[in-house]
Each structure stands twice: as structure tokens, then as C-alpha cells.
Amino acid sequence: MIEGLWENIGQALAKEWTARMLTPAFTFWGGGLLAWAFRYGWGDLAAWWSARSVFEQAALLVGGLFLVAFSAVVVEWAQDRILRWAEGYWPKPLWPLRFALARRWEKKAQRMEERWQELAERCGGDPERLSPPERAEYARLDAFRLRLPVDPGRMMPTLLGNLLRAAEEHAWVRYGLEAGVCWPRLWFLLPRDVREEIAAARSRLNEATRWLGWGLLFVVWTVWAWWAAPVGLLIAGLAWQGMTRAALVYGDLVRAAFDLYHPLLFKHLGWPKPKGPEDGRRLTEYLARGICPPSL
């Protein structure tokens, strides 16, 4: 019975790993093979393969599978770096571009805020007083403005970066809690189903990030086939849209986790119930540096 349980678990994990990791890798290397055949034709490849012995063919198949699996692992290792680049954390030589795009987002956010204020004043708190197009615009602006950093000076150069930064700063603005310090502690206090929902959202973000990397890598097959560049860029573009959608969901779940469960941090650390952001800042200072207020 136990053996059967472990076998089922192993099969489930293998299916998940194959679907999420190997599918993009097979797409990449399969596309490379098609690009090579587009350039040189299938005849030479088929003749070369037929000339190999059964043992050589088996060895080549095993080697090919190993290459696919190894490349999938490498891209998984690189996904955090790819995500950081997509957010806008670029090296120093690209800082002028980074800050120029961030200022552009700052101006865009300011225009959105001004337009939202204008519509809010006109409707007086009742959106029904607006025309249908204006109501749709008001709802869109009202939702989107809350998913951007509160401080315009902290804007990132990309939409993805702004969505994730806004989610990170939510706990600090509302409760005085630094997400980077408090989130790992709060994670262990969350109910299991909540952790699973957040982990699933993060997994979707990571998966889309890997597809972005594979899409950009696919462009290298342009050396053999002209269509590799548009196909790779199409994959990267679709992956980028998937990243932004996943970041929206992930950010909302992180906000909700802090909204509903941040008092557990105080309770489990033996601190009084928080009364405002100042209590959260003191707790952050304690967790980050071990500095405890004199009253505790």
C-alpha cells in the first residue's frame, strides 16, 4: 500500500515536472531541429540516421533526452534572474534607460491619478452618474491605480516590476511591515490552503518566466530559418502577457495574506496586538536587526 502511494506521488510529480519543465525545452530543441531541416533538408539527416547502428541510435536518443532535461534545469535555475530583468533590475550600464522608463511610468501614473480624480469628483461617489464609457474607464483606473507603487519615486521601468513592487510595499504602507523581512515568517503561519493558492500563483508566474526565456532563446535558430525570430518573439510576447496576469493574481494574494493574517506575527512573537503602522515598523526592526522596544 505504501509502495503504491509513493508510486502515485512519483508519477504525479513526474507529470508536473514534464509538463512545466520539459515541454518548453522540447519545443525549443524541436524547433531547432525543424530550423536545421528547413535549411539543409531532411534527406541528409535521414541518411545519416539510417547509417547509425541500433546502439548508436539509442545512445543518441538518450543523449538528446539528457540535453533536453539539462537545458530545462538550467533555464529553471535562471528563471529568477530572468524575472529580475523583466521587472527592471538592470545592470549599471542600463541605468539611464531604466530611470528614463521609470520616469515615464511616473508621468503615466500621475495622468491616470488626475483623470481618476476628475471622474471621482464628477460622480460624487456614485459611478452611475457617469456615462457607460466613463464608468468603465473609472472602474479600470480605480483598479489599476491600486496596483502601482504608492510613491511615484519608486516606479520601476516595466509594468511587471511595478505590479510586483506595489505588492511588496503594500504591507509597509498599510501596516509598517517590510515584506522582505516579514513574509518568510508570515508564510509559516498561513493556513495550508492559503499557502497552496499563493504557491500556485507563484508557480504560474515562474512558468511564464521560463517561457519568456525559451522564447528569446528560440531566436538563435534564425541562423538556419528566417521564421525562428518571429516565432520566438511571439512566444516571448505571449509569455510576457502571462507574466503580467500571473503577477496581478500573485500580488493580490500577497496583499490579502498580509491584510488577513499579519496579526498572527505579533501574536506568535508575543507582541501586543498592533494598533497602527508604527507597531509594524518596530516589529520589522526587531525581526531584521534584533532591536526590541524598551516596553517589551
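The structure this text deals with has already been given above.
A brief report on the enclosed structure follows. Keep in mind the model is a prediction, meaning the values are calculated, not measured. (Residues numbered from 1 in each chain as written. Predicted model: local features only at pLDDT ≥ 70, side-chain atom pairs only at ≥ 80, totals over all residues. Heavy atoms only, no water.)

**Here we look at the overall build of the chain**
When you go through the chain residue by residue, the secondary structure sums to 10 helices and 0 strands. In the chain, the order of α-helices and β-strands from amino to carboxyl end is α-α-α-α-α-α-α-α-α-α. What you see for the chain is a C-alpha radius of gyration of 25 Å, clearly larger than the 19 Å of a compact globule of 296 residues, by over 25%. Projected onto the principal axes, the alpha-carbon positions of the chain cover approximately 80 × 55 × 45 Å. (Helix = DSSP H or I, 4+ residues; strand = E, 2+ residues; numbered from the N terminus. Rg over C-alpha atoms; globule rule 2.2 N^0.38 Å.)

**Notes on helix α6 (residues 159–175)**
Here α6 spans 25 Å end to end across 17 residues, near enough to the 24 Å set by a 1.5 Å rise per residue. A bend of about 35° at Glu-169 is the largest found in α6. For α6, the tally of buried residues reaches 12 of 17 residues, placing the bulk of the element in the interior. Looking only at α6, the buried set comprises Leu-160, Gly-161, Asn-162, Leu-163, Leu-164, Arg-165, Ala-166, Ala-167, Glu-169, His-170, Ala-171 and Tyr-175. Lining the buried residues of α6 we find α3 (54–87), α4 (95–123), α8 (192–218), α9 (228–268) and α10 (277–289). (Expected span 1.5 Å × (residues − 1). Bend = angle between axes of the 7 residues up to and from the residue. Buried < 20%, exposed > 50% of the residue type's maximum accessible area, 1.4 Å probe, protein only. Contact = heavy atoms within 4.5 Å.)

**Here's the deal with the nonpolar core**
Leu-160, Leu-177, Trp-183, Leu-205, Met-243 and Phe-258 are the most contacted members of the largest nonpolar core, which has 34 residues in total. Among the elements of the structure, α3, α6, α7 (179–187), α8, α9 and α10 are those that each provide at least two residues to this core. The element best represented in this core is α9, accounting for 11 residues. The residues contacting Leu-177, other than those within four sequence positions of it, are Ala-171, Trp-172, Cys-182, Phe-258, His-262, Leu-265, Phe-266, Gly-280, Leu-283 and Thr-284. (Core = buried A, V, L, I, M, F, W, Y, C linked by side-chain atoms within 4.5 Å.)

**Some thoughts on the packing of α4 against helix α5 (residues 132–145)**
Remark: α4 packs on α5, axes separated minimally by 10 Å, with the N-to-C direction vectors making an angle of 130°. In terms of their interaxial angle, α4 and α5 are classed as oblique. In the packing of α4 onto α5, the handedness of the crossing is left-handed. Taken together, the residues of α5 that come into contact with α4 (itself represented by Trp-105, Met-112, Glu-113, Arg-115, Trp-116, Leu-119, Ala-120, Arg-122 and Cys-123) are Glu-134, Glu-137, Tyr-138, Leu-141, Asp-142, Phe-144 and Arg-145. Here the contact of α4 with α5 is built from residues that sort into 9 nonpolar, no polar and 7 charged. (Axes fitted to C-alpha atoms, helices over the stretch in contact; angles between N-to-C directions. Parallel < 35°, antiparallel > 145°, perpendicular 65-115°, else oblique. Left-handed = near helix turned anticlockwise from the far one by under 90°. Nonpolar A, V, L, I, M, F, W, Y, C, P; charged D, E, K, R; others polar.)

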